[in-house]
Structures are given as structure tokens and as C-alpha cells.
Amino acid sequence: MLRMSLFPETPGTLLRKIADLQAGDDAAVWADFVERYLPAVRAFIRLNGAPENEQDDLVQEVFVKLVGILRTSRYDAAKARFRTYLATLMRNLLVDYFRQIRSRETAVNGAEQMTPLPELGSDPGHLLDVTWRLAIHQAAVDHVLNVSLLAAQSKDIYRAYVLEAQDIGAVARRFHVSRNTVSKIKMRVNQMIAAIEASYGE
């Protein structure tokens with residue numbers, strides 16, 4: 001069974017609680033928020049080309065910025081969905097990060113030897129939405145296959161059949177199950193992944 005406690009409350013409820021926090025309040029509300037969004041934020045940073053050795057610092061910077069924004073009520077839900085707002089914040093942070101890299105390389109190597117940097121696009125709207133959905137999906141898949149209480153064999157079957165695109169007959173023979181069992185496991189895991197994706201809301 002999926003351990004849904006990873007995503008205990010709706011985003012709106014958490015946002016309201018964070019906005020109402022006063023100095024010295026229990027940090028549990030903020031911890032719930034970080035627990036909900038950390039996998040997707042990490043995936044978004046990775047998908048947009050940040051070097052592996054810099055990803056943790058960039059993820060931390062995202063949450064540091066969010067502390068100030070949510071504590072001072074600078075996020076207006078009437079103007080943008082939180083997903084879009086957060087993705088825009090991350091995109092802007094990455095733009096600044098890559099600009100700093102470009103400036104350092106220009107100073108050291110000259111313009112002709114600069115490393116090509118990821119293209120984040122001038123219009124964040126559609127690209128951000130697609131990338132955010134992919135980040136959420138990857139976070140959900142990671143949770144189901146690495147954290148949830150789903151049986152280990154079911155996880156391995158899903159990896160082989162869906163993620164590695166192995167033939168259903170070969171997967172059935174490898175794990176000594178029927179083709180129907182493989183199909184049912186695929187359907188069950190996909191439902192678990194969809195439930196996690198839905199828990200992020202709009």
C-alpha cells in the first residue's frame with residue numbers, strides 16, 4: 001500500500017498555515033511543505049541542466065527564497081497557481097545561476113571558450129508547466145519505486161516492463177508470473193503514481 005503521509009495536506013492548506021506562522025512557531029508546518037515539494041524541486045533543478053555538484057545548493061536556495069515569500073504573503077493565489085509561481089521562481093534562480101557561470105568563464109577564458117549553457121527559454125509559461133509536470137511525475141515514480149511499501153517484486157516488474165521497456169513475455173518469464181499479473185502491476189503502479197501527482201493539486 002502507498003504511504004500517502006508523504007503528502008499529508010493540500011498545497012492550499014499548507015500555504016495558508018505557513019503564511020500564518022509567527023516567529024517561534026513549531027516548524028512542523030514548514031517541514032510538511034518541504035517534504036511535499038522537495039522531490040519535485042530537486043527534479044526541476046536537475047531537468048534544467050544544473051550540474052550535479054550544485055543541485056543541493058540550488059534546491060536549498062529555492063526554499064530559502066520561499067521562506068521569505070510565503071512568510072510575507074508576497075505570493076497571491078488569485079494571480080497565479082502556486083505550481084506556476086514556484087516554477088517561475090526556480091527558473092529565475094537558474095537564469096541568475098547560469099549568468100554567473102557565464103560571467104566567470106568570460107573573465108577567465110574569454111568569450112570564445114565559454115561552455116554552452118542550458119536554454120531556459122524567454123517565455124516561461126508553457127515550458128515551465130511541461131517541465132514542472134515532468135518533475136512531479138519523476139518525483140512520484142521515485143516515491144512509489146523507492147519509498148512506498150509496494151512489494152519489491154512488483155517494483156522490479158514495473159521497472160523492467162515500463163521503465164526498461166522489456167517485452168511483457170520476457171518479464172513474465174523472468175519473474176515467474178503471468179502476463180496478466182505484469183499488466184495488473186503496471187496498472188496498479190500507474191494508479192499510485194497518478195494519486196501522488198494529483199496530490200500536488202493545481
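All figures in this text were calculated on a predicted structure; none of them were measured in a lab. (Residues numbered from 1 in each chain as written. Predicted model: local features only at pLDDT ≥ 70, side-chain atom pairs only at ≥ 80, totals over all residues. Heavy atoms only, no water.)

Caption draft 1: Broad picture of unusual backbone geometry. With a phi close to 55°, Ala165 is a non-glycine residue in the positive phi region. Inspection of the secondary structure puts Ala165 in the loop between α6 (152–163) and α7 (168–175). (Helix = DSSP H or I, 4+ residues; strand = E, 2+ residues; numbered from the N terminus.)

Caption draft 2: View of the side chain of Ser148. Tracing the sequence through the fold places Ser148 in the loop between α5 (124–146) and α6. Take Ser148: its relative accessible area is 3%, and that puts it in the buried class. In this structure the side chain of Ser148 is engaged in a polar contact, spanning 2.5 Å, whose partner is the backbone oxygen of Val144. (Buried < 20%, exposed > 50% of the residue type's maximum accessible area, 1.4 Å probe, protein only. Polar contact = N/O pair within 3.5 Å; in protein donor to acceptor, adjacent residues only side chain to side chain.)

Caption draft 3: Representation of the layout of surface pockets in the model. The volume enclosed by the largest pocket comes to roughly 160 Å³. What lines the largest pocket is Leu58, Glu61, Lys65, Leu89, Asn92, Leu93, Asp96, Tyr97 and Gln100. Elements with a minimum of two residues in the lining of the largest pocket: α3 (52–71) and α4 (82–109). Examining the composition of the lining of the largest pocket, we find that 6 residues originate from one element, α4, more than from any other. (1 Å grid on protein atoms, 1.4 Å probe; cavity = no way out; pocket = protein on both sides within 12 Å on 5 of 7 lines; lining within 4 Å. Points joined across faces, edges and corners; volume = space filled by probe spheres on them.)

Caption draft 4: Spatial organisation of the pattern of salt bridges. One pass over the structure, following the stated rule, counts 3 salt bridges. A salt bridge links Asp96 to Arg99; its shortest N-O distance comes to 3.9 Å. Taken together, the positions of Asp96 and Arg99, both in helix α4 and 3 residues apart, correspond to about one turn of that helix. Look at Asp96 and you get partly exposed, because its relative accessible area is 41%. Residue Arg99 is classed as exposed on the basis of its relative accessible area, which comes to 56%. (Salt bridge = Lys/Arg side-chain N within 4 Å of Asp/Glu carboxyl O.)

Caption draft 5: Representation of the environment of Phe63. On the secondary structure map, Phe63 appears in helix α3. Expressed as a C-alpha distance, the spacing of Phe63 and Val34, which sit 29 residues apart in the sequence, is 7.7 Å. The residues contacting Phe63, other than those within four sequence positions of it, are Trp30, Phe33, Val34, Tyr37, Leu38 and Val41. (Contact = heavy atoms within 4.5 Å.)

Caption draft 6: View of helix α8 (residues 179–199). An ideal rise of 1.5 Å per residue puts 30 Å on 21 residues; α8 measures up with 31 Å between its terminal C-alpha atoms. The set of residues buried in α8 consists of Val182, Ile185, Val189, Met192, Ile193, Ile196 and Ser199. Seen along its axis, α8 keeps its buried residues to an arc of 120°; they face one direction. What points out from α8, more than 90 degrees from its buried face, is the exposed set Lys184, Met187, Gln191 and Ala198. (Expected span 1.5 Å × (residues − 1). Arc of directions from axis to C-beta.)

Caption draft 7: Representation of the confidence of the model for the chain. Chain-level pLDDT for the chain is 78 on average; 72% of the residues reach the 70-or-more range. Counted against residues more than four places away or in other chains, residues 1–10, with its pLDDT under 50, gives 27 contacts. (pLDDT = per-residue confidence, 0-100.)

Caption draft 8: Focus on α7. By the burial criterion, the buried members of α7 are Ile168, Gly169, Val171, Ala172 and Phe175. Each buried residue of α7 sits inside an arc of 165° when the element is viewed along its axis, so together they form one side. Tucked into the core, α7 has its buried residues touching α6 and α8. The N-cap of α7, judged by a side-chain oxygen 2.9 Å from the amide nitrogen of Gly169 a few residues on, is Asp167. Directly beyond the C-terminal end of α7, a positive phi value near 60° is found at His176.

Caption draft 9: Just the packing of α6 against α7, in detail. α7 packs onto α6 with a crossing angle of 155° between their chain directions and a minimal axis gap of 10 Å. Overall, the two elements α6 and α7 adopt an arrangement that is roughly antiparallel. Relative to α7, the crossing made by α6 is right-handed. Judged by residue contacts, Gln153, Asp156, Ile157, Ala160 and Tyr161 of α6 engage Ile168, Val171, Arg174 and Phe175 from α7. Residues that form the contact of α6 with α7 fall into these classes: 6 nonpolar, 1 polar and 2 charged. (Axes fitted to C-alpha atoms, helices over the stretch in contact; angles between N-to-C directions. Parallel < 35°, antiparallel > 145°, perpendicular 65-115°, else oblique. Left-handed = near helix turned anticlockwise from the far one by under 90°. Nonpolar A, V, L, I, M, F, W, Y, C, P; charged D, E, K, R; others polar.)

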